[in-house]
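# Overview (structure and organization)
Chain by chain, the residues:
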Amino acid sequence: MYQSVATDPAAGKAELYGELASQLKGLLAGERNAIANAANFSALLFDRLPDLNWAGFYFMDRMTGGLVVGPFQGKPACVRIAVGRGVCGTAVAERRTMLVPDVHAFPGHIACDAASRAEIVVPLVQNSDVIGVLDLDSPMLGRFDREDQTGLERLAAILVEGSDF
């Protein structure tokens, strides 16, 4: 069962992501529905990580071969993104996390929210297939770093392992 725990602001990111991993496991306990789990996960991230203006998912659409928006927190989002387009589509095409300190400097960036300045996109991989991405946006330049990348990749793996996609 999920239990919110206040994080000491002086604590490091590693501790924060450790707490988020425990909380995510609690949210997933006894529930394998991917949509329900992604919805709660996006709410957890939006609530617990500072300086976000969007946290959510895009999933692969088997019919079109592109990404379609999934559960999220934040302003309305772009509904469909082609593989190879924007930060999310590039993460799928390159099968790697995209850590973008300034989205306006990223070639082909798709501006769903003009307030977004930094972005991190983590591919969701199951059985060697990319099934979607975890996408976080921030209105602050340089908001995400390698510690965020490591923590979010760990959380994404917990979600994929604990859900039926």
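These notes cover the structure that comes with them. These numbers come from a predicted model, not from an experiment. (Residues numbered from 1 in each chain as written. Predicted model: local features only at pLDDT ≥ 70, side-chain atom pairs only at ≥ 80, totals over all residues. Heavy atoms only, no water.)

On to the pattern of salt bridges, then. Inspection of the entire model under this criterion finds seven salt bridges. Taking the shortest distance from any N to any O, the salt bridge between R48 and E19 comes out at 3.7 Å. You can see R48 sitting in helix α2 (residues 34-48) and its partner E19 sitting in helix α1 (residues 13-28), a full 29 residues away along the chain. The same class applies to R48 and to E19, which are both buried. Taken together, the shared-partner salt bridges connect K13, R143, D145 and D148 into one network. (Salt bridge = Lys/Arg side-chain N within 4 Å of Asp/Glu carboxyl O. Helix = DSSP H or I, 4+ residues; strand = E, 2+ residues; numbered from the N terminus. Buried < 20%, exposed > 50% of the residue type's maximum accessible area, 1.4 Å probe, protein only.)

Alignment of strand β1 (residues 54-60) against strand β2 (residues 67-74), held across six bridges, turns out to be antiparallel. Residue pairing across strands places Y58 opposite V69, the latter belonging to β2. Where β1 folds back on β2, the antiparallel hairpin that results is connected by six residues, among which G65 adopts a positive phi of roughly 80°. In this sheet, strand β3 (residues 80-81) lies alongside β2 in antiparallel orientation, the contact comprising two bridges. The residue bridging L67 from the neighbouring strand is I81, located in β3. (Pairing = 2+ DSSP bridges.)

This part covers unusual backbone geometry. The phi dihedral of R95 is positive, around 55°, even though this residue is not glycine. Looking at where R95 falls in the secondary structure, it is placed in the loop between α3 (86-94) and β4 (98-100). Within the chain, N127 stands out as a residue other than glycine whose phi angle is a positive 50°. Relative to the helices and strands, N127 resides in the loop between β5 (118-126) and β6 (129-138).

Roughly 230 Å³ of internal volume is contained in the largest pocket. Lining the largest pocket, in full, are A34, I35, F59, M60, D61, R62, G65, Q126, D129, V130, I131 and F165. Elements that contribute at least two residues to the lining of the largest pocket include exactly α2, β1 and β6. Ranked by residues supplied to the lining of the largest pocket, first place goes to β6 with three residues. (1 Å grid on protein atoms, 1.4 Å probe; cavity = no way out; pocket = protein on both sides within 12 Å on 5 of 7 lines; lining within 4 Å. Points joined across faces, edges and corners; volume = space filled by probe spheres on them.)

What follows is about the packing of α2 against helix α4 (residues 146-161). Relative to each other, α2 and α4 sit at 155°, their axes nearing to 11 Å. By the angle between their directions, the pair α2 and α4 is classed as roughly antiparallel. Crossing of α2 over α4 shows right-handed handedness. Here N37, A38, F41 and L45 of α2 come into contact with α4, specifically with L152, L155, A156 and L159. Classifying every residue of the contact of α2 with α4 gives seven nonpolar, one polar and no charged. (Axes fitted to C-alpha atoms, helices over the stretch in contact; angles between N-to-C directions. Parallel < 35°, antiparallel > 145°, perpendicular 65-115°, else oblique. Left-handed = near helix turned anticlockwise from the far one by under 90°. Contact = heavy atoms within 4.5 Å. Nonpolar A, V, L, I, M, F, W, Y, C, P; charged D, E, K, R; others polar.)

Counting residues in each nonpolar core, the largest one holds 30 residues, and the members touching the most others are L45, L134, L136, L152 and L155. Among the secondary structure elements, those contributing two or more residues to this core are α1, α2, β1, β5, β6 and α4. Residues in contact with L155, not counting those within four places in the same chain, are Y17, L20, A21, L24, F41 and L45. In terms of nonpolar packing, the next biggest core, distinct from the first, is built from 17 residues, L67, C78, V87 and M98 among them. (Core = buried A, V, L, I, M, F, W, Y, C linked by side-chain atoms within 4.5 Å.)

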